[in-house]
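# Structural characterization, general
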Amino acid sequence: MVFLLRRLGFYVIAFWACITLNFFLPRLMPGDPVSRMFSQVQSQMRPDQVDALRRLFGLDDRPLWEQYFTYIGKIFRGDMGISLSRFPAPVSEVIGSQIGWTLLLGGTSLAIAVVLGNFLGVLAAWRRGKFLDSVFPPLLIFVGSFPYFWLAMAALYLFGITLGWLPLNHAFSTGLSASFSLKYIGDVAAHLILPALTIVLVSIGGWMLGMRNTMIATTAEDYITMARAKGLRPARIMFQYAARNAMLPSVTSFGMSLGFVVGGALLTETVFAYPGIGYQLLTSVQALDYPLTQGIFLTITAAVLAANFLVDIIYVRLDPRVRVS
Amino acid sequence: MPLTDSTPTATTTAGNPTVQVPEPAVPGRLVHGGFVHGILTNKKALFGLAVLVIFALLALLAPLLAPGNPSDFGPEASLAPSANHLLGTTSKGQDVLALTLWGSRSSLTVGFIVGLAATFIGCLVGIASAYFGKAIDEVLSLLTNIFLLIPGLPLLVVLAAFLPPGPATVVIVLVITGWAGSARVLRSQALSLRSKDFVAAAVVTGEKAWRIMFREILPNMASIVMSTLLGCVIYGIGAQAGLEFLGLGDTGSVSWGTNLYWANNDGALMTGDWWVLLPSGVAIAVVAFALALINYAVDEITNPRLRVEKKG
Amino acid sequence: MQTLTEQDRGNIGRAAAPVLSVKNLQVHYTAESGDVTAVDGVSFDIGAGEVFGLAGESGCGKSTIANAVMRLLQTPAKITGGSIELNGRNLLDLGEEELRRTRWRDVAMVFQSAMNSLNPVMTIGDQIVDVFTTHERMPKKAARERAAELLKLVDISPDRLKSYPHQLSGGMRQRAVIAIALALKPSLLIMDEPTTALDVVVQQEIMHQIKELQQQLGFSILFITHDISLMVELSHRMAVMYAGKLVEVAPSKDMLENPLHPYTHALMGAFPPLTGPRVELTGIPDAPPNMAHPPTGCRFHPRCPLAIDACRTIEPLLLPGAENHDAACLLVPEYVVPSERSSR
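Summary of the structure given here. As the structure is a prediction and not an experimental result, all values here were calculated from the model.

Residues and elements named next belong to chain C. Overall, mixed pairing links the 8 strands, which are arranged β6-β7-β8-β3-β9-β10-β12-β11 in an open sheet. The open sheet has two edge strands, β6 (107-110) and β11 (319-322), and neither has a second partner. Strand-to-strand twist across the sheet, computed as the mean angle between neighbouring axes with direction ignored, equals 25°. In this structure, strand β3 (residues 51-55) lies alongside strand β8 (residues 220-225), joined through 5 bridges in parallel fashion.

Written out as C-alpha cells, the structure is:
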C-alpha cells in the first residue's frame, strides 16, 4: 500500500512537470513561437477568437504565476483550450474522437508483442542454444533495427500496393459507418493488420531478448534446481517457477516501454494515415494548432502515467515481497 | 594509492569444481586488456565494428565518391537502378546513391553527438546521484524517472514544434529525450561501486568528490558506459530519422531521415519507386544492427552467464 | 541427544540390501582450462535407516556426489562412469520421465540455502501441494490437508501454509524445506549442508529435529557437511572425501576416536566439538589442490605432514585398516579381516 501511494505520488509529480513544461514552453522559447503562430492564423480568425488564443498563451497582462495557476486549474477540469485547425471544437473533443483508434492500435500490437515476445523468450532460454535461441534473437534484433516508419512503408508497399491484400490507409473504408456489424468489424480488423504488424515486428525482439536473459539468470537459481529435484513436470518448472519469477523485471520494463509504443504508434499512424491521436499530433504541428499539440501531448503523457500505475498495481499482485514491505 | 577491489575477474575456478555456474563478473570489473581482447575475439563485435568502419569511410569519402550537391535536381527523374545511377534516381532527378552517401554524414554525426552527449549527461547524473545519495539522489532520480516516463517521441514532437528549426535543435531535442535511460542504468551500477571498499578508502583519505567520481568510480564501469553509449547512438540515429521523417527536423539538410521524408512526400510509394526508399532505411538498420551487435558482444563479455556453453 | 547403542551401529545398514549403492562413480567437468575429474571412483553403500555422512573441504566433490545421485548435474558436469543404485535400480539408466517420477518419491534433497531453494513468489503451501498433485494426482483440497500435517511434523503452525518464503525466519524456512522433502516419505534423504546458512542455535534445533524425524520415519540420510562435529553427532557411519576420492570410511564413533588417515586427523583438529572439553584447533596447511591438475600418487601428499617418498608416486587404495574401517593411505597397515566376518 505504501509502495502504491509512493508511486502515485511520483506520477502526480511527473504529470505536474509535464503541465509546467507545457505552460512554459511557448512562453519562454526563443524565436517567439506564439507570434509566429499568430501571423499565420490571424487573418482567418475573428477578433474574439484571437483574443481567446492570446489569453491561452499568456499574451494578456496578468502576472505569470496567476496565469500558471489558472492553466493548471483548467487542465484538471479537462479544459485544454480550443483547437485552431478544427475551430471551434474544444481540444478535448478532438482528442476524444480519435483516442479510441490509438488505443485499439497500440493496445492490440502491445498485447501481441508482449505475450508473444515473452513466450518466445521463455522458450529460447529454456532450450539454450537450440534453434529458437540461435536463430530468432539475431533475426529480431535485425528487424528491430529498422525504423518503425520504414518498416511500415515497406509493409505498405509490399502487402498494400504490390500485392493488394490489405487496405492502404485509414482505419476503415470510406462510406462505411460505425456499427456492430460483422462487415464493419472485419473492415476495421483488415485496416488494423498492417499497422499493428509493423509495431509488433519492431518491438517483439526487445521483449524476447529481455525475457530470455532474465530467464537464463533465473534458471540458475536454487529454487529451480529444487523444483527439478522435486520431480515436477518440465512445463510446470518452466512457467510456474522460472518464468513466473523472470517476468517480474519484464513487468517493470513494461511500464517504461509504453512510451516507446506510443512513439511507434505515432510514426505508424502517420505512414498509414491512421486516424489516431499520433497522426493528429503531427497534423496539429503542421497546422500550427498549438493548443491541440499541447493537449495531445498532455493526454498521451497522462495515459502513459495511468498505465504505469496500473502496471504497479499488477506488480504488487505478482510479487509478494513488495506487497508486505 | 587507493585500495583496489580484490574481486577476481570471472574465470571458471578449476580448483573448485562444485561451482556449476561461474559467478557473473560485476560488469566493469574486467581487466581492461581482457575487455579489449574479448571484443577483438568476439565475432559479433568484429562484424559490428567492420560495418561501422565501412560506413564511417563512406561518409568521409562522400565528396569524392559523389561530387556535387546531392540535392540538386537533375533531368533524369524516377529512374530504376542502372549502371549510370546504381541506386536509381528520385522523382526530382537526384541520384539516390549520392543522397544516401551524403546522408550518412549527417546521420552518423548527429547519432554520435547525441549518443556522446546523452551518455555524458547520464554519467554525470547517474554517478552524482549514486555518490552523493540522500536528497541529491532523490531529486536526480525523480528527474530521471520523469524523463523516462514521458513518452519520448511526442515530447520530441512538441519540443521540435516550439524550438526554432535547425540542426542544433535536432541535437538538443534528442539529447533532452535520450539521457534519462543511461542515467538510470549508470546510477545503479555506480551505486554498487559506491559501496565497495576502494571508494570508501578514497573517501576516508579525503579525495575530492569529483575525483572519486571520475577517477575511481567511472573507470570501473567502463564497459557499462560503453554499452550505454552504443544504446544512445542507436537511439540518436533512429530518433533523428523519425523526427526528420515527420518533417520536424532540418528538412533542408541531407540525411537518411530527410531522404525518407522527401521520398514519402513525393509519393515514391504510390508511384512504385521503391529504390528511393530502400537505401536510407537499410542504411539506418544496418548501422543500428552493427551497434546492437557490438552491444550484445559487450554484454556477453562482461556477463559470462549469457555465453553459450561450449559442448564438451 | 539420544545416542545409538553399539549394537544398533553394528546392525544398521547391514541387515538388508542397501538403499543406495554408489559404485565407482566418475564425474567430469568440462572447463575452459581443461577437463576436471570432480569425483573419481567413489563407492559407498547406505543401508535402510542409516545416516551416512560425507565430509570434506568445500570443493572436494561432496556436493557433486549429492547432485549426481539426484541426477541434477548440468553441463559442464557429466557423469562419465559407475552406477548409482537406489533400491536396486540404477538411476543412470532411467529416462527423463522415469527419473522425474523417481525424484522426490524415492529420494529427496534438502539444499544448502533454504532462502534460495524456495520459490519466492509461491506460498509455502503451494510448494508442498505441487509435490502431491504431481506425484500422487491428489486433488488440491486433500493435498492442502496433507501439507498442513507436514508442517505440523516440523513444528510449524499450519496457518503458515499461506505464507511466502520471505515471511518466514531462516530456521523456519529450512524446516519447511525439510517438510517438503518428507512429503512423499522417500527412502533416502540427501542433505547438502542443510544448516550452513543458519546461526548455531537454530542449527542445533534443526539437527535435533532431523534426528527425531529420522528415528520416527526410518528413512536413510546422505548427510553432507564440512563440519565434522555436526556429522559425528548425527551420522552412524561416515566417509571423508579429499580431492574427488574417498579417503576413509568408518562408523562415526570409530572415525572420531581413531582416525586412520592423516587428512581425517587434520579435519578433526580443524573443528571444535560441540560438546566436551576445549581442544586446541589445528588447521590444515595450504589450500586444497587444483583439481584440473591433481597431485600424483596420494592426492593429499603435498599437504600431508607424514608423507613419505612413495606417497608421491603410488596411489593408495581404499582398504580395510581396522574392523569396518577403511582408509586410503600407504601408512595405514592393511587390516586382515577374519574370515567369518569377511562379508561387508
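Anyway, onward from the coordinates.
Below, the discussion takes up the interface of chain A and chain B. Frequently, the measure chosen for interface size is the accessible area removed from exposure when the parts meet. Contacts between chain A and chain B engage 46 residues on the former and 37 residues on the latter. Counting only elements with at least two residues in the side of chain A that touches chain B, the list comes to α1 (2-28), α6 (131-145), α7 (148-162), α8 (182-219), α10 (234-272), α11 (277-286) and α12 (290-318) of chain A. The residue inventory of the side of chain A that touches chain B, partitioned by class, reads 34 nonpolar, 11 polar and 1 charged.

Further remarks concern unusual backbone geometry. Residue and element names in this part refer to chain C. The phi angle at arginine 137 is positive, at roughly 50°, despite the residue not being glycine. By the secondary structure assignment, arginine 137 is in the loop between α5 (124-135) and α6 (140-153). Arginine 137 sits in the exposed class, given 8 other C-beta atoms within 10 Å. Of note, lysine 185 is a non-glycine position whose phi angle comes to about 50°, a positive value. Positionally, lysine 185 belongs in the loop between α7 (170-182) and β7 (188-192). For lysine 185, a count of 12 C-beta atoms within 10 Å translates into the label exposed.

Attention shifts here to the environment of leucine 151 of chain A. Along the chain, leucine 151 of chain A turns up in helix α7. Those residues within four positions of leucine 151 of chain A in sequence are excluded, and the remaining contacts are Phe146, Thr198, Leu201 and Val202 of chain A.

Another aspect to go through is the environment of methionine 80 of chain A. Residues and elements named next belong to chain A. Among the secondary structure elements, methionine 80 is positioned in the loop between α4 (64-76) and α5 (91-126). Judged by local crowding, methionine 80 falls into the buried class, with 25 C-beta atoms found within 10 Å. Leave out the neighbours within four places in its chain, and methionine 80 touches Ile75, Val91, Ser92, Pro291, Gln294, Gly295 and Leu298.

When two helices pack together, their arrangement is given by the angle between the helix axes and the distance between those axes. Residues and elements named next belong to chain B. Running from amino to carboxyl end, helix α10 (residues 222-245) crosses helix α11 (residues 256-265) at an angle of 30°, the nearest separation of the two axes being 7 Å. Between α10 and α11, the angle is such that the two are roughly parallel. When the axes of α10 and α11 are compared, the crossing they make is right-handed. Taking contact as the criterion, the partners of Gln240, Ala241, Leu243, Glu244 and Phe245 in α10 are, on α11, Trp256, Gly257, Thr258, Leu260 and Tyr261. Of the residues in the contact of α10 with α11, the class split is 6 nonpolar, 3 polar and 1 charged.

Cut-offs applied
- Sequence order as written defines the numbering, with residues in each chain counted from 1.
- Lettering of chains starts at A and numbering of ligands starts at 1, both following the order in which they are written.
- Only residues with pLDDT of at least 70 get local features here, since the model is predicted, and only at 80 or more are side-chain atom pairs given and counted; chain-wide, interface and lining totals rely on the full set of residues.
- Two strands make a pair as long as DSSP finds a minimum of two bridges between them.
- For helices the rule is a DSSP run of H or I covering at least 4 residues; for strands it is a run of E covering at least 2, with both sets numbered from the N terminus onward.
- Simply put, an axis is a line fit to the C-alpha atoms, just over the touching stretch for a helix, and the angle between two N-to-C directions goes from 0 to 180 degrees.
- We call two residues in contact whenever the C-beta atoms placed from their backbones are within 7 Å.
- Amino acids are sorted into nonpolar (Ala, Val, Leu, Ile, Met, Phe, Trp, Tyr, Cys and Pro), charged (Asp, Glu, Lys and Arg) and polar (every other residue, Gly among them).
- Between the buried cut of 20 or more and the exposed cut of 12 or fewer other C-beta atoms within 10 Å of a residue's own C-beta lies the partly exposed class, and all C-beta atoms are placed from the backbone.
- Small angles under 35 degrees read as roughly parallel and large ones over 145 as roughly antiparallel, with 65 to 115 read as roughly perpendicular and the rest as oblique.
- A clockwise turn of the near helix away from the far one marks a right-handed crossing, whereas an anticlockwise turn of less than a right angle marks a left-handed crossing.

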